[in-house]
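What follows is the residue order along each chain.
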Amino acid sequence: MDKPFAITLDVRSSLANHTGSWRSERPVYVDGLPPCNHACPAGEQIQGWLYSAEDGSYETAWRRLVADNPFPAVMGRVCYHPCETACNRAQLDSAVGINSVERFLGDEAIRQGWQLPAARPATGKRVLVVGAGPAGLSAAYHLRQRGHAVEVHEAGSKPGGMMRFGIPTFRLPRDVLDSEIDRLLATGITLQLDTRVNDLTQSMQQGSFDAVFLAVGAQLGHRAYIPAGQAAQVLDALSLLSTVSDGERPQLGRAVVVYGGGNTAMDAARTARRLGADDAVVVYRRTQAQMPANQVELDEALDEGVRVRWLRTIVEIGDGVTTLEKMRLDADGVPQPTGELEQITSETVVLALGQDVDRSLLDTVPGLSIADGVVQVDDTMMTGCPGVFAGGDVVPAQRSVTVGIGHGRTAAQHIDSWLGSGSGPPAPLVDLGMPVEFGQLNAWYFSDAPHAVRPRLEVARRVSDFGEVVGGLDVDTAVYEARRCLSCGNCFGCDNCFGVCPDNAVLKVETGHGYAIDLDYCKGCGLCVAECPSGAIVMEPEQT
Amino acid sequence: MSEGVKFYQIGSRAVGNRLLDESLRTGQASPDRQNTLNSGHRACQGCGEALGARYVVDAAFRAAKGKLIAVNGTGCLEVFSTPYPESSWQLPWLHSLFANAASVASGVAAALKATGRDDIRVLAQGGDGATVDIGLAAVSGMFERNDDVLYVCYDNQAYMNTGVQRSGATPPAARTATTEAVGPRPGNLFGAGKDMPRIAMAHEISYVATATVAELHDLEAKVEKAMSLRGARYLHVLVPCPLGWGSAPADTIRLARLAQRSGLFPVYEAENGEVTSTLPIRGQVPVEDYLRPQKRFAHLFGDRPDTEVLSRLQLLADRNIARFGLLPEEVH
């Protein structure tokens, strides 16, 4: 008994007092669904690869990207980036320029010569892909990654499909496209050009294929009957774009009328300007609000001097002059003729009224059903013919390169599981669950940072050549743009939870999310949840 | 990677940042921080004072290279950290009486000086009751003698430990156990109370600063600055109290932030009696945004808001903003 007066107990640490027993809710680290990932038609884990780009790990970022989409440099030029439309940062200042970072990564990969991952060990299964467009090549890549032998049969003389024949060089330079296709084929995919498949059953037997992915696209210009004079030059937009992309420079004259309101119409009008037309006029029967063309494409076309006549149809194409009829929208938003006519000068009329699927091959496939001009598929993208899958522009969906690439990826997953190669059930293209909303973030912590705008060619130069219009980001702006990501629903290591706990009950660990809750002391106050900038922690009730 | 980019995803208000060098993160981001106030203390869920005390004492401990003695006045912090025979403190720590933390700290500093141990630093701390009311004479004496002590007041604006009685730091209109929300003028009086940081400034001591638990970089910088000086120094930290304020435990830091953004709690530092810097308001909010989540102000938001009282409170915020220049142009 050598204790001081009135002291009977030894000093103890408060660690003996497990305050965790007070808790009725506990914080749990989660991986939320970022809205960009949710919106991506190609199934990219955008927040994930931005995370890698944020600290300058560009190769890691690119590798995470190409795990889902082997065409970053193409995407960074032609994708209409629904990810940016969904981006929560728009509610803070402006959306993260995801598309420009993607392009930077894609270009960097080409500069550095990064190669796609090697295929997994051979499964012994053989898959035939019909059509070397975005959907076909994407499917071929993902099937090859899973160890299947893949042959791509392409009717044309070059691979790429609409990426090559439908998109002008001023949006997608061909050396970029060739680099990404060559790199993809180098993973061990056999490509047979000038090989039109006329009878699918026969081709399958000849090549002993176990499954087929049909991605023959929609290349037939939609026909509309318009009376035209003998001397009038009337072209189909796709033929025009395809001819020009082959290097030809057809004479369209000084006044060109483009009929239609989609992206192809915009590309055709912009191409006409570059071919020397002083006046390129888009004629569309409805208003801008109903126009299917992407806003970016419309804006770039208008910048280049393209004019648009809204609420007009073409009633007759004469020699050097085209007759238009004014329309008005009725209560249902359907355009109705007014009988009022007007004439505009036109040396060439380009029709861009949509594209149809060539049915000649499809009609030979037993069990395959076609409705509204497109092939019907089930949830697994399989047609009515067992083992025959389809995707891209031949199935009912929005038609874009990105959607096609997404179809290829999804179909490859389903073909893989149909072949029974044991990779387990396919991951859904779009994760289930609700995307993280802006209100779930603690935006206070994100400093304001305006959007880095990509350099563009001066207009005068743009309409005089077929050089690329939109430039790329440099290293500084790319990393800056990546760092604008709010990392919605996903931890990015800011240490807020670790710092703000009044009970020191958040620990740093080497595994998982890098943090763990010390449940012996966590009182369940929820401060870590409230102060998490990215909404990556939630409170869950204790099970008692 | 380029060094030209000075943008690091998360702004300068987060605790850490994986993209920044460790020396630029807060001390609290370090897995090796001292945790001077250890786990197992009995503070309520979401206690602002427990958080503020760890922030401050850890930073002072770091600045003193581990040679730090803390003296505590009576109050929540003392009670919840040291129920006999347990202690949550991982540094030498003393408690004597409610009123005399400053005097005891002066004595400790004098003893260290007498024994030639000027490498050991002294920190005194207490709540607003122990500082603004009960211990004011001792604090003022310590300031006047310029004893080598950093005195830290954790201000939760009432006597929370004994059941939420009004203190000299309770804001006007706030409901406490002794200023109930009844009668024609519910809650605490206007025109009463003491502005302790400005009282400290009036002593013209070398350093006076205010801070909140919502701005950790700012708070740590002020502790470091204070520890770089000798003589009497004073730090006044706003620490929201979920129990006394009637707020959600998870809202502790948010409320501290809103107090600063509304102007009701000006954050500044002063040297030798003159204000030398202020933390500008980024994203000003009306006082209502700060008051509404707190049940101690619930009587202002009954069937219809008490616009007269609210506008008087707004005037107080506006006066702070004007006095300290808290809104210089556009601030991000």
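Residues numbered from 1 in each chain as written. Chains lettered and ligands numbered in written order. Predicted model: local features only at pLDDT ≥ 70, side-chain atom pairs only at ≥ 80, totals over all residues.

Peer 1: I would appreciate a short explanation of the packing of helix α12 (residues 263-274) of chain A against helix α13 (residues 295-303) of chain A in the present structure.
Peer 2: To describe two helices that pack against each other, one gives the angle between their axes and the distance between the axes. Residue and element names in this part refer to chain A. Look at α12 against α13: their axes get within 10 Å of each other, and the N-to-C directions meet at 20°. Comparing their axes, α13 and α12 come out roughly parallel. When you trace α12 past α13, the crossing you get is left-handed. Within the contact between the two elements, α12 uses Asn263, Met266, Ala269 and Arg270 and α13 uses Glu297, Leu298 and Ala301. Across the contact of α12 with α13, the residue classes tally to 4 nonpolar, 1 polar and 2 charged. (Axes fitted to C-alpha atoms, helices over the stretch in contact; angles between N-to-C directions. Helix = DSSP H or I, 4+ residues; strand = E, 2+ residues; numbered from the N terminus. Parallel < 35°, antiparallel > 145°, perpendicular 65-115°, else oblique. Left-handed = near helix turned anticlockwise from the far one by under 90°. Contact = placed C-beta atoms within 7 Å. Nonpolar A, V, L, I, M, F, W, Y, C, P; charged D, E, K, R; others polar.)

Peer 1: I would appreciate a short explanation of the domain arrangement of chain A in the present structure.
Peer 2: Reports of interface size often rely on the accessible area that becomes lost once the parts have come together. Each assigned domain of chain A is listed with its residue range as follows: domain 1 (14-31 + 491-541), domain 2 (35-114 + 441-446 + 472-482), domain 3 (126-218 + 357-418) and domain 4 (222-353). A separation of 60 Å is found between the C-alpha centroids of domain 1 of chain A and domain 4 of chain A. (Domains from an automatic or database assignment.)

Peer 1: What am I meant to see in unusual backbone geometry here?
Peer 2: Most of the time, phi is negative for any residue but glycine, and the peptide bond is trans. With an omega of 0°, the peptide bond running from B:Tyr84 to B:Pro85 counts as cis. By secondary structure assignment, the location of B:Pro85 is in the loop between α2 (76-81) and β2 (86-87). We note that A:Asp194 has phi near 50°; this positive angle belongs to a residue other than glycine. Locating A:Asp194 in the fold gives a position in the loop between β5 (190-192) and α10 (200-206). Of note, the phi angle at B:Asn35 is positive, near 50°, even though the residue is not glycine. Inspection of the secondary structure puts B:Asn35 in the segment before α1 (48-63).

Peer 1: Mind showing me how you'd approach the environment of A:Gln112 here?
Peer 2: Residue and element names in this part refer to chain A. Tracing the backbone through its elements, the reader meets Gln112 in helix α6 (residues 98-112). Its 11 C-beta neighbours within 10 Å are what place Gln112 among the exposed residues. Sequence separation between Gln112 and Thr271 is 159 residues, and the spatial gap between their C-alpha atoms is 32 Å. (Buried ≥ 20, exposed ≤ 12 C-beta atoms within 10 Å, placed from the backbone.)

Peer 1: Please clarify how the sheet that holds strand β13 (residues 321-329) of chain A should be interpreted in this entry.
Peer 2: Adjacent strands of a sheet pair through backbone hydrogen bonds, lying either parallel or antiparallel. Residue and element names in this part refer to chain A. Read from one edge of the open sheet, 3 strands run β12-β13-β14, paired in antiparallel fashion. With partners counted over all chains shown, the strands left at the sheet margins are β12 (312-317) and β14 (335-345), one partner each. Geometrically, the sheet is characterised by an average inter-axis angle of 30° between neighbouring strands, direction not taken into account. Relative to β13, β12 runs antiparallel, the two sharing 5 bridges. Residue pairing in the sheet places Ile314 in a bridge with Leu324 of β13. (Pairing = 2+ DSSP bridges.)

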